[in-house]
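Fold and geometry: a report
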Amino acid sequence: MFRRILALVFALLMLCSLLCGCGEKKELTCDNCSKKVFVDADSNMEEDWAIYCEECNEELFGDDPILGAE
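A brief report on the enclosed structure follows. (Residues numbered from 1 in each chain as written. Predicted model: local features only at pLDDT ≥ 70, side-chain atom pairs only at ≥ 80, totals over all residues. Heavy atoms only, no water.)

A look at the pattern of salt bridges
Counted only if it meets this: A side-chain nitrogen of Lys or Arg and a carboxyl oxygen of Asp or Glu constitute a salt bridge if their distance falls within 4 Å. Secondary structure counts use DSSP, requiring at least four H or I residues in a row for a helix and at least two E residues in a row for a strand, with both numbered from the N terminus. Any residue under 20% of the maximum accessible area for its type is buried, any over 50% is exposed, and the rest in between are partly exposed; the area is computed with a 1.4 Å probe on protein chains only.
Summed over the entire model, instances satisfying the criterion amount to four salt bridges. Its salt-bridge partner being K26, residue E46 comes within 3.5 Å of it at the nearest N-O pair. Note that E46 is positioned in the loop between β2 (36-40) and α2 (54-61) and K26 in strand β1 (residues 25-29), a separation of 20 residues in sequence. Accessibility expressed as a relative area gives 18% for K26, which makes it buried.

Focus on the packing of aromatic side chains
Formally: When two rings of Phe, Tyr or Trp (its six-membered ring) have centres within 6.5 Å they constitute a pair, described as stacked for plane angles under 30 degrees, edge-to-face for angles over 60, and tilted for the intermediate range.
Per the counting criterion, the structure on display carries one aromatic pair. Ring centres of Y52 and F61 lie 5.6 Å apart, and the angle between their planes is 70°; on these two criteria the pair is classed as edge-to-face.

Geometric descriptors of this kind do not, in isolation, establish any biological role.
Rendered as structure tokens:
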């Protein structure tokens, strides 16, 4: 009985953390391939910025330490 209650409590905690941890997202568009890029809603990124998805960023900038992904 104790194990069932403990398992239920853990399941509820995991569900709450999932629901509380997911913030709203803002949808932007990759300037190279037109894929949708999602950023946090409180981000200051806007559509008029030069925005690239991860694949295009790697393709265009590669190992550039300033522009490339780390």
